Amino acid sequence: MIVAIDGPAAAGKGTLARRIALALGFVHLDTGALYRAVGLRVLRNGMDPSDAAAAHRAALALNPADLSDPALREERTATAASVVSAHSAVRAALLDFQRNFAENPPGGVPGAVIEGRDIGTVVCPNADIKLFIDADLSIRARRRHEELRSNGISVELAEVRAEMAARDDRDRNRADSPLRPAPDAHLLDTTDLDIDGVFAAAMKAIGGVAK
Ligand code: DC
C-alpha cells in the first residue's frame with residue numbers, strides 16, 4: 001500500500017507521515033531530504049543552485065550518508081533545495097529511487113508513506129491514498145520559526161515568512177512537477193488542527209481505502 005502526502009513547507013507533512021508509518025508499520029520516505037541533500041552538495045561545492053549542470057552532477061553523486069547531515073535542516077539548504085528541484089535533470093535523477101522505495105518498501109513491510117511535493121501527481125500517481133496537507137502561510141511561518149528557535153537558530157519571523165513565501169511560489173510555479181494537489185487527493189487544511197486532529201482525519205481517509 002502506498003500513502004502519498006504532498007503539501008507546502010511546514011504544513012505538517014513530516015510529523016503526519018511519521019505517525020501514519022508508525023501506526024501502520026510502514027516505512028517512511030521524506031523526499032524533501034533528497035532535494036535538500038542535492039542543494040547542500042551544490043552549496044558545498046561552491047556552485048550556484050540555479051546552475052542546472054552543477055545540480056545534476058550533485059544529484060548523481062548523492063549517497064546515503066548525505067541524508068543524515070544536520071545541515072539539511074538549515075534554511076539556506078531549504079532555499080537551495082527549492083532552486084535545484086526546478087531542474088528537470090535533477091528530478092529525473094531522483095525519480096527511480098523514490099518509485100522503487102514506494103513500490104518495494106525496504107524490509108519487506110506492507111507499505112510506504114512517501115511525502116513531498118509531487119508524490120500524488122508524478123512519483124506515485126497510482127498511490128492507494130493521496131493526502132494534500134495545507135495551512136495558511138502565517139501559521140506555517142510561525143511553526144517553522146518556533147522549530148528553528150527551539151533548535152537554537154535565532155531568526156526573525158518576518159524573514160522566515162518571506163523565505164517560505166518565495167519557496168512556495170517557486171515550488172508551485174515551476175514547469176516540471178509543480179506543487180499541486182492530485183485530482184483524487186484528500187485535502188486537509190491544518191491551520192486550525194493540532195497533530196492529533198490531522199492524524200485522525202488522515203486515518204479516516206486511509207481507513208476508507210484499507211477496509
Ligand atoms: O519538504 P522540504 O521542505 O524538505 O523540501 C525542500 C524543497 O525540495 C522544496 O522547497 C521543493 C523540493 N521538493 C520537491 O521539489 N519535490 C519533492 N517531492 C520534495 C521536495
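Please refer to the structure placed before this passage.
Residues numbered from 1 in each chain as written. Predicted model: local features only at pLDDT ≥ 70, side-chain atom pairs only at ≥ 80, totals over all residues. Heavy atoms only, no water.

**Here's the deal with the packing of aromatic side chains**
A full pass over the atoms with the stated rule returns 1 aromatic pair. Over the face of the ring belonging to Phe199 we find Arg19, whose NZ or CZ atom lies 4.4 Å from the ring centre. (Phe/Tyr/Trp six-rings, centres within 6.5 Å; stacked < 30°, edge-to-face > 60°. Lys NZ or Arg CZ within 6 Å of the ring centre and 35° of its normal.)

**Some points on the site of the ligand**
Near the ligand there are 14 residues, and of these Arg36, Arg91, Arg117, Arg167 and Asp171 occur at the shortest range. Here an oxygen atom of the ligand sits 3.3 Å away from a polar atom, N or O, in the side chain of Ser85. Contact distances for the ligand include 2.9 Å between a nitrogen atom and a side-chain N or O atom of Asp118. The protein chains hide 97% of the 450 Å² of surface that the ligand would expose on its own. Going through the elements one at a time, helix 2 (31–44), helix 4 (75–84) and helix 8 (157–173) are the ones with two or more residues in the shell around the ligand. Among the elements that line the shell around the ligand, the one with the most residues is helix 2, at 4 residues. (Near = heavy atom within 4 Å. Polar contact = N/O pair within 3.5 Å; in protein donor to acceptor, adjacent residues only side chain to side chain. Areas by Shrake-Rupley, 256 points an atom, 1.4 Å probe, with all protein chains shown as cover. Helix = DSSP H or I, 4+ residues; strand = E, 2+ residues; numbered from the N terminus.)

**Some details on the side chain of Arg144**
Position of Arg144 relative to the elements: it lies in helix 7 (residues 137–150). Taking the relative accessible area as the measure of exposure, Arg144 reaches 10% and is therefore buried. Aside from chain neighbours lying at most four places away, what touches Arg144 is Ala10, Arg36, Glu75, Val160, Met164 and Arg167. (Buried < 20%, exposed > 50% of the residue type's maximum accessible area, 1.4 Å probe, protein only. Contact = heavy atoms within 4.5 Å.)

**A few points about the environment of Ala78**
Along the chain, the position of Ala78 falls in helix 4. With relative accessibility at 0%, the residue Ala78 sits in the buried group. Between the alpha carbons of Ala78 and Gly32 there is a distance of 8.7 Å; along the sequence they are 46 residues apart. Ignoring sequence-local partners within four residues, the contact set of Ala78 consists of Arg36, Glu163 and Arg167.

**Brief notes about the packing of helix 4 against helix 8**
As a packed pair, helix 4 and helix 8 sit with axes 9 Å apart at the nearest point and diverge in direction by 20°. Classified by the angle between their axes, helix 4 and helix 8 sit roughly parallel to one another. By crossing handedness, the relation of helix 4 to helix 8 is classed as left-handed. Judged by residue contacts, Glu75, Ala78, Thr79, Ser82 and Val83 of helix 4 engage Glu163, Arg167, Arg170 and Asp171 from helix 8. Here the contact of helix 4 with helix 8 is composed, by residue class, of 2 nonpolar, 2 polar and 5 charged. (Axes fitted to C-alpha atoms, helices over the stretch in contact; angles between N-to-C directions. Parallel < 35°, antiparallel > 145°, perpendicular 65-115°, else oblique. Left-handed = near helix turned anticlockwise from the far one by under 90°. Nonpolar A, V, L, I, M, F, W, Y, C, P; charged D, E, K, R; others polar.)

**Focus: the sheet that holds strand 4 (residues 129–134)**
Taken in spatial order, the 5 strands of this open sheet run 2-3-1-4-5, and their pairing is parallel. Of all strands in the sheet, those with a lone pairing partner are strand 2 (27–30) and strand 5 (186–189), marking the two edges. With direction set aside, neighbouring strand axes in the sheet form an average angle of 20°. One ladder, built from 4 bridges, connects strand 2 with strand 3 (residues 112–116); its direction is parallel. (Pairing = 2+ DSSP bridges.)

**Some thoughts on the side chain of Asp171**
Looking at the element boundaries, Asp171 is found in helix 8. A polar atom in the side chain of Asp171 sits 2.9 Å from the side chain of Ser82. Within the structure, the side chain of Asp171 is placed 3.5 Å from the side chain of Arg117, a separation counted as a polar contact. Apart from residues lying up to four places away in sequence, Asp171 is in contact with Ser82, Ser85, Arg117, Pro178 and Leu179.

**Brief notes about helix 4**
Across the 10 residues that make up helix 4, a large majority, 8, are buried. Among the residues of helix 4, Glu75, Thr77, Ala78, Ala80, Ala81, Ser82, Val83 and Val84 are the ones counted as buried. For helix 4, the elements touching its buried residues are helix 2, helix 3 (52–60), helix 5 (88–103), helix 7 and helix 8.

As far as function goes, none of this settles anything; it's purely spatial.
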